[in-house]
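Notes for the structure review
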Amino acid sequence: MAIITAVSTWLIPCFLLIVLSVASWKKVPTYELFVEGGKEGVKMAFSLLPFLVGMIVSISILRSSGAIDAMINLIAPVLMTFGVPPEIIPLAFVRPISGTAALGITTELISTHGPDSFIGRLASTMQGSMDTTLYILTVYFGAVGIKKMKYALKVGLLADLVGIITSILIVKMVFG
Amino acid sequence: MVNLIWAFMAIVGIVYAMFNGTMDEVNKALFESANDAVTLSIGLISILVFWLGIMKIAESAGILKALSKALMPVVSKLFPEIPKGHPAMGYILSNITANIFGLGNAATPMGLKAMEEMKHLSGTDTASRSMITFLALNTSGLTLIPTTVIAIRMQYHSVSPTEIIGTTIITTVISLISAILLDRLFYYQSIRRKK
């Protein structure tokens, strides 16, 4: 478990070291490229803004009304026997459907329960390790005019289910 | 689907508040959360600028290309129907590398190109074996470093915003392996049915 924590701390600085060393050795204009790429980051953050405002407001309405707690109390006994925190269910359900909606839910879970709580860590792991299966299939097949998807949806959704179960087990193992 | 989910959450919340007597809280949450979301989005700028800046350097230094080349032998085994040296393979590799580094915006155009090339190979409007394998890889999430999640954790004052990288990588790898296995399983099942 100590290795996993060490990887988390070392990965980004080491990656940075490699990129900057290789780039300098190849005489690439590092600073100028950084600034150029960084401009895209500003654009990206602003393009995310309306998505996040929309989703987070909608979820907060649902939470502040007490409806989320009522739903969680309803399903908690079943899920608790399997060790699944019921708070995570909305995220697990939405993650394959919409990336921005899931990001909104993840943000809301992190702000409500705290980033270093079990739910905060689990939401972070789920959000980071999965992708929007339904969106990807629709866009990619749609763009090239594929009408029969065959078993693609089955594969994608079953792999998502494996991802959900794995994330719960791994987060439990690593963070206890 | 997203439209339905979005509207449904707000509608259920408001109706529930009518009966639960929590309209005050809902009214307050409406404006506070909108404010929070804007603060959060602006906070995301720091990491996104930093990461995309570094990735631009990595791209120009040929690091992404080198990784594509290194992945070639493994990835080409997953696509037995694509002939050696076919352009589809190049696009598939670029898409995978871009995804690994969390460059979703760069990954999608490459992925669409790959799909086009694979359609040339199959020539029908039914999904080919290679296409399904390719999308199985994509939908299982290939990202190694979840930059947006780290940024959000920073915004909410995590003691260690990056501590979830390890668990994220393990989960990604396991769901990736199971996506490949499931893809194989359903493919052989579909052949057997034809016989």
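Rules behind the numbers
Residues numbered from 1 in each chain as written. Chains lettered and ligands numbered in written order. Predicted model: local features only at pLDDT ≥ 70, side-chain atom pairs only at ≥ 80, totals over all residues. Heavy atoms only, no water. Helix = DSSP H or I, 4+ residues; strand = E, 2+ residues; numbered from the N terminus. Buried < 20%, exposed > 50% of the residue type's maximum accessible area, 1.4 Å probe, protein only. Contact = heavy atoms within 4.5 Å. Areas by Shrake-Rupley, 256 points an atom, 1.4 Å probe, with all protein chains shown as cover. Lys, Arg positive; Asp, Glu negative; His and termini not counted. Charge placed at Lys NZ, Arg CZ, Asp CG, Glu CD. Domains from an automatic or database assignment. Buried area = accessible area lost by both parts, 1.4 Å probe. Polar contact = N/O pair within 3.5 Å; in protein donor to acceptor, adjacent residues only side chain to side chain. Nonpolar A, V, L, I, M, F, W, Y, C, P; charged D, E, K, R; others polar. UniProt positions renumbered as here; feature names shortened; annotations may be inferred. Salt bridge = Lys/Arg side-chain N within 4 Å of Asp/Glu carboxyl O. Phe/Tyr/Trp six-rings, centres within 6.5 Å; stacked < 30°, edge-to-face > 60°. Axes fitted to C-alpha atoms, helices over the stretch in contact; angles between N-to-C directions. Parallel < 35°, antiparallel > 145°, perpendicular 65-115°, else oblique.

A separate point is the overall build of chain A. Scanning chain A for helices and strands turns up eight helices and zero strands. For chain A, the sequential pattern of α-helices and β-strands runs α-α-α-α-α-α-α-α. Overall size of chain A, expressed as C-alpha extent along the three principal axes, is 60 × 50 × 35 Å. In chain A, buried positions account for 52% of the 176 residues. Looking at chain A alone, contacts between residues at least 24 apart form 64% of all its contacts between residues at least 6 apart. For chain A, the exposed area adds up to about 8,100 Å²; of that, 74% sits on carbon and sulfur atoms. Distance between charge centroids for chain A: 12 Å, based on 12 positive and 9 negative side chains.

This next bit is on the domain arrangement of chain B. Residues and elements named next belong to chain B. Examined at the domain level, chain B breaks down into domain 1 (1–49) and domain 2 (62–194). Averaged C-alpha coordinates put domain 1 and domain 2 at centres separated by 33 Å. Tallying the contact residues gives six residues for domain 1 and eight residues for domain 2. On the domain 1 side of the contact with domain 2, Leu40, Leu44 and Ile47 bury the most area, a combined 71% of that side's loss. Applying the counting criterion to the domain 1 and domain 2 interface returns one residue pair in polar contact (both at pLDDT 80 or more). Looking at side-chain class alone, the side of domain 1 that touches domain 2 contains three nonpolar, three polar and no charged residues.

Glancing now at the UniProt feature "domain: Nucleoside transporter/FeoB GTPase Gate" (unreviewed entry) in chain A. Sites flagged by UniProt as "domain: Nucleoside transporter/FeoB GTPase Gate" (unreviewed entry) map to residues 46–147 of chain A. Secondary structure content for residues 46–147 of chain A is 76% helix and 0% strand, and the end C-alpha separation is 35 Å.

Turning to the UniProt feature "transmembrane region" (unreviewed entry) in chain B, a few remarks are in order. All names here are of chain B. Here, the residues flagged by UniProt with the feature "transmembrane region" (unreviewed entry) are residues 6–23, 35–54, 132–152 and 164–187. Secondary structure across residues 35–54 divides into 100% helix and 0% strand, with the first and last C-alpha atoms of the span separated by 30 Å. Between the C-alpha atoms that bound residues 164–187 the distance is 34 Å, and the span itself is 96% helix and 0% strand.

Here we take up the environment of A:Phe15. Structurally, A:Phe15 is set in helix H1 (residues 2–25). A C-alpha to C-alpha distance of 28 Å links A:Phe15 and A:Asp160, two positions 145 residues apart in sequence. Excluding anything up to four places from it in sequence, A:Phe15 contacts B:Trp51, B:Ile54, B:Met55 and B:Phe101.

This next bit is on the pattern of salt bridges. The full count for this structure, using the stated rule, is eight salt bridges over all chains. Between B:Arg184 and B:Asp183 there is a salt bridge; the shortest N-O distance is 3.2 Å. Owing to a relative accessible area of 18%, B:Arg184 belongs among the buried residues under this scheme. Residues joined in a network through salt bridges with shared partners are A:Asp116, A:Arg121, B:Arg153 and B:Glu163.

Here the focus is the packing of aromatic side chains. If you walk through the whole model with that rule in mind, you get six aromatic pairs over all chains. Arranged with centres 5.2 Å apart and planes meeting at 65 degrees, the rings of B:Tyr187 and B:Tyr188 form a pair that is edge-to-face. One aromatic cluster is present, built from ring pairs that chain together A:Phe15, B:Trp51 and B:Phe101.

Here we take up the packing of H1(A) against helix H8 (residues 165–194) of chain B. For the pair H1(A) and H8(B), interaxial distance at closest approach is 7 Å and the crossing angle is 100 degrees. When the axis of H1(A) is compared with that of H8(B), the two are roughly perpendicular. Seen from H1(A), the contacting residues are A:Ile4, A:Ser8, A:Leu11 and A:Ile12; seen from H8(B), they are B:Ile165, B:Gly166, B:Thr167, B:Ile169 and B:Ile170. Taken together, the residues that form the contact of H1(A) with H8(B) break down as six nonpolar, three polar and no charged.

Residues and elements named next belong to chain A. Looking at the assigned domains, one finds that chain A contains domain 1 (1–65) and domain 2 (66–175). Here the C-alpha centroids of domain 1 and domain 2 sit 21 Å apart. The interface is formed by 12 residues belonging to domain 1 together with 16 residues belonging to domain 2. Regarding the contact of domain 1 and domain 2, the summed buried area is about 1,300 Å², with carbon and sulfur atoms giving 72% of it. Across the domain 1-domain 2 interface, the total number found is one salt bridge. The closest approach of N and O atoms between Glu108 and Arg63, which form a salt bridge, is 2.8 Å.

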